[in-house]
Every structure is written in C-alpha cells, then in structure tokens.
Amino acid sequence: MADNTARQLENDIPDLEAYWMPFTGNRYFKQHPRLISRAEGMYCYTHDGKQLLDAVAGLWCCNAGHCHPKIVEAIKEQAETLDYAMAFQLGHPTVFELANRLVDIAPEGIDYAFFVNSGSEAVDTALKMALAYHRTRGEGARTRLIGREKGYHGVGFGGISVGGLSPNRKMFGAMLPGVDHLPHTHHIDKNAYSKGQPEWGAHLADELENIVALHDPSTVAAVIIEPIAGSAGVLLPPRGYLEKVREICDRHGILLIFDEVICGFGRTGESFGAKRFGVTPDLMTAAKGLTSGTVPMGAVLASKDIYDTFMTGPEGAIEFFHGYTYSGHPLAAAAGCAALDVYLGEGLFDRAKDLEGKFEDALHSLKGEPNVIDIRNMGLIGAVELEPIEGQPTARAMQIFRDCYDNGVIIRTTGDTLAFSPPLIIEESQIETVVETVRTVLRAQ
Ligand SMILES: Cc1ncc(COP(=O)(O)O)c(C=O)c1O
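Residues numbered from 1 in each chain as written. Predicted model: local features only at pLDDT ≥ 70, side-chain atom pairs only at ≥ 80, totals over all residues. Heavy atoms only, no water.

## Regarding the packing of aromatic side chains
How we decide: Stacked, tilted and edge-to-face are the three classes applied to pairs of Phe, Tyr and Trp rings, where Trp contributes its six-membered ring and a pair requires centres within 6.5 Å; stacked means planes under 30 degrees apart, edge-to-face means over 60, and tilted covers the rest. Going along the chain from the N terminus, every DSSP run of H or I of four or more residues is numbered as a helix, and every run of E of two or more is numbered as a strand. The criterion is that NZ of a Lys, or CZ of an Arg, lies within 6 Å of the ring centre and within 35 degrees of the ring normal, and then a charge sits over that ring.
Scanning all chains against the criterion turns up 7 aromatic pairs. Seen in terms of ring centroids, phenylalanine 114 and phenylalanine 320 are 5.6 Å apart; in terms of plane orientation they differ by 70°. Their pairing is edge-to-face. Placement of the pair is phenylalanine 114 in strand β4 (residues 110-116) and phenylalanine 320 in the loop between α13 (304-310) and α14 (330-345), with a sequence separation of 206 residues. Each member of the aromatic cluster is reached from another via a ring pair, and the members are Phe265, Phe272, Tyr343 and Phe349. Sitting above the plane of the tyrosine 405 ring, arginine 34 keeps its charged end 5.3 Å from the centroid. Sitting over the face of the ring of tyrosine 45, arginine 38 holds its NZ or CZ atom 4.2 Å from the ring centroid.

This is the structure we're talking about:
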C-alpha cells in the first residue's frame, strides 16, 4: 500500500502555478520541475523516480540524514499525545527537556534557551534580546547593531539589516536604522585553498575598533557574525579573528552574538561552532539541525548574565515582550529531543570530525579542475569557488548545480560557489561519489 502511494506520487505532478516559491526562479522551475517526493538516509527521490545523493543535507539541516526512524517515531508519538499547548503562560514537558539538553551541549556559560520557528526568527529575537538587555541595565543608548559584509542572517527585517548580501537588501527600503558592518573576510588573493582556518586576516577584526570609536561604545549594543558564514559561500574565520572580535566586544561592553544556524549540531565536528573555535558568545542562534530539518524550529541560547538581567521587576510580570504562537511547539520539541538522541547516541558530531580529513582531501582534489579558483573546508562543510562567466555572475555555478542533479547528486550554489554540507551519516564512498560527480560535470562544461 505504502509503495503504491509512493509510486503514484512519483508520477503525478500537480499544477505548479499557484505556489510562489522562495529564493527560486519560479518561471524556470515551473518549466523544469524538480520535485522531491520522498527521502531516506543520504538519498532523496524525485517525482519521476530518480535517486539523488544529498550533499547538502536538505538546506544544511538534515544532519541525521533524512527520515531517521527515531526522529520520525518521536514526532508521530508526540502528534498523537499533544498537538499543541498554549505557548504563553502555559508550557509542556518536552520543551523544558529540550532546553535542558541544549544548554548541556552548549559552551560553558550558555545556560538558557528561548524557542522560535526558524533561523530568521532566532536572529531577530537575539537582536531584540540584545537591545532590551542594555535598556534593562540602564544603558538604553546602546541601540546600534553591527553585522558584517557578506553575512547572512535570514530574511527578517533585523536579519537583512545586519546581513551583508546586497541582493537580499536592495529591494526592501531603509531597514533598521543605526546598523553598521564589519568588512568581510573573504580574500582568495591571500588565502586560496586554505584547509581549515585561513592564516591571513585576523587584523580585519580591528575594524571593529574603528566602527566603535566612530559611534562611541556607549551607543553600540551588539555584534552579530556567523562563526563560519554559510550562505555567502562557506567563509571561514581567519586564525585569531573570532578571539579578537570577542576581546574588543568585552572591552567595550558590547554583546557578541554568534549566528550558529548553519554551524550548529555537528557541522563543524562539535556541537556548535563556538566550541570548535573556543570562543564563547553571549547569545547564539540555532535552527536547521536542531530538529535535523524535520519540524521547523529555531532557538536563541543565552548566557546566565543576560537571562538574570531580565529576571527583575515584579514577580509574575512578563520580563520579555516577545514570543511566537509556535515557540517550543510540541512536535518541534519532540523532534529536537529525538535529534539529540540520535546525534549523541550515534556519535555523529565525532563522526563529522573523524570524516573531516577525508572530506578535505576529496574536496581539495578538485584543485586544477576547469574554472576552480578556490576550495575551503572545515568539519563537514566545504566550498568550491568557480571563476564566474564574464557578464553572467552565478550562471556557471547554477549550470553545475543542474548538471550534478542530472547526474544524481544534490549540491548547493551561492553566487559562483558550490557548497557542500552533507548529512553527518555520509559514508566515505559517498564523499567520493559527490566529488567525482562534480569533477565530471566541471570537465564537461
Ligand atoms: C547563518 C544563518 N542565519 C539565519 C538563517 C535563516 O534561517 P531560516 O531560513 O530558517 O529563517 C540562515 C539560513 O540559511 C543562516 O544560514
């Protein structure tokens, strides 16, 4: 019965017109539809029965692989037991369990979890927490937020304001006032083909001193950066860079927010990028791997100092006027707990670290292939940057994406960079398949 249903779905394409797809060329897609109708482990299966090896874990999220039976079971059980519980003034046990378990794997000093439904909501929530924290402490003039060029922090107004990708900003007006940006750290003239953290560029953090001096520290609330920028093309922090940012923030009473939406849950070979780099922020965002991509959920993890600062005023009064109907939704919370069971029970964070060398060697073997101009990697995250076609930025990478799909592998592109972030269950032979497919496709251009 189940098989018949799957087959039927694979052959049936619904009318595609009504759905306005996100971050997609809608007209092209609807003429060349690529529908995934089911998935299992490392593989996705299309509507027309094609098997695809997933080299990006959905969208950097299905870290335990697709449809892991333990996560599926937990979601089913939760749906049968408690569909929803009012998120304000009421709670349910699973979300408290998840908060406890998340802070257990967070860096020391990060002791509280606030739940949201996506990475974008996590970012906007963290920015609001930073502003409200300073105001609650009597430093309400600290309203400036500092992001970074090439940063991606989702698509809320807060996130695009601190973000640094112009296509995501230019259509949407003035955005948040009082935002400044650090320079990006992507310099392949200095750091091409670095394995892990590049050697050159720690001094780029010094620009924070200049920005802070320009505005005066008393007006600056927070700095937000991704430990490894993902959506801008896998940009690793130069050695010593994150430490410098932390030190400058500390010196000026500025909060440091790490956007860990991509770096969390084993992607770097540790629970969070903060642990991998040994730098602890004041606030961390998480999403994606939090439920292994199964149910939408995000989180902001906060230091005790931040939480305690809010816990003043009359007992019983609301301390933070913020939250979502679906904050800590029971299905998401159950999926989050089950995902942690799988990650820890199956040793997947360690697995990512163990596979790092193999993944690195395989990716870097593409050096010298046509149009490859840089390769970068850490943990199970990697990128191959291509020379753009003159006058047609992004076109080359998009063609490689389409050709890889036709050859049975899903990769991701950002600009003219090919990005890789496979589920942490990937086998060595599957790493080979991904890289050899990319090689074949590059050579055929
Ligand atoms: C670093 C970072 N922050 C925020 C987001 C936004 O997450 P979402 O798409 O769940 O809103 C993303 C998504 O890729 C991300 O990479």
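## Quick look at unusual backbone geometry
So the rule is basically this: Each residue gets one of three labels from its accessible area relative to the maximum for its type: buried under 20%, exposed over 50%, partly exposed in between, using a 1.4 Å probe on protein chains only.
You will see that alanine 57, though not glycine, has its phi angle at about 50°, which is positive. Secondary-structure assignment places alanine 57 in helix α3 (residues 57-60). The class for alanine 57 is buried, based on a relative accessible area of 0%. Phi at valine 234 takes a positive value of approximately 60°, unusual for a residue other than glycine. Within the secondary structure layout, valine 234 lies in the loop between β7 (220-225) and α11 (241-251). Judged by its relative accessible area of 0%, valine 234 falls in the buried class.

## Quick word on α14
Keep this limit in mind: For a helix, the expected span equals 1.5 Å multiplied by the number of residues minus one. Two residues form a contact once any of their heavy atoms are found within 4.5 Å.
Between its first and last C-alpha atoms α14 spans 22 Å; for 16 residues at 1.5 Å apiece the expected length is 22 Å, and the two agree. Of all the 16 residues making up α14, 12 are buried; the element is thus mostly covered by neighbouring parts of the structure. Restricting attention to buried positions, one finds in α14 the residues Pro330, Ala332, Ala333, Ala334, Ala335, Gly336, Cys337, Ala338, Ala339, Leu340, Val342 and Tyr343. In this structure, the buried side of α14 is in contact with α4 (69-81), α5 (93-105) and α15 (348-364).

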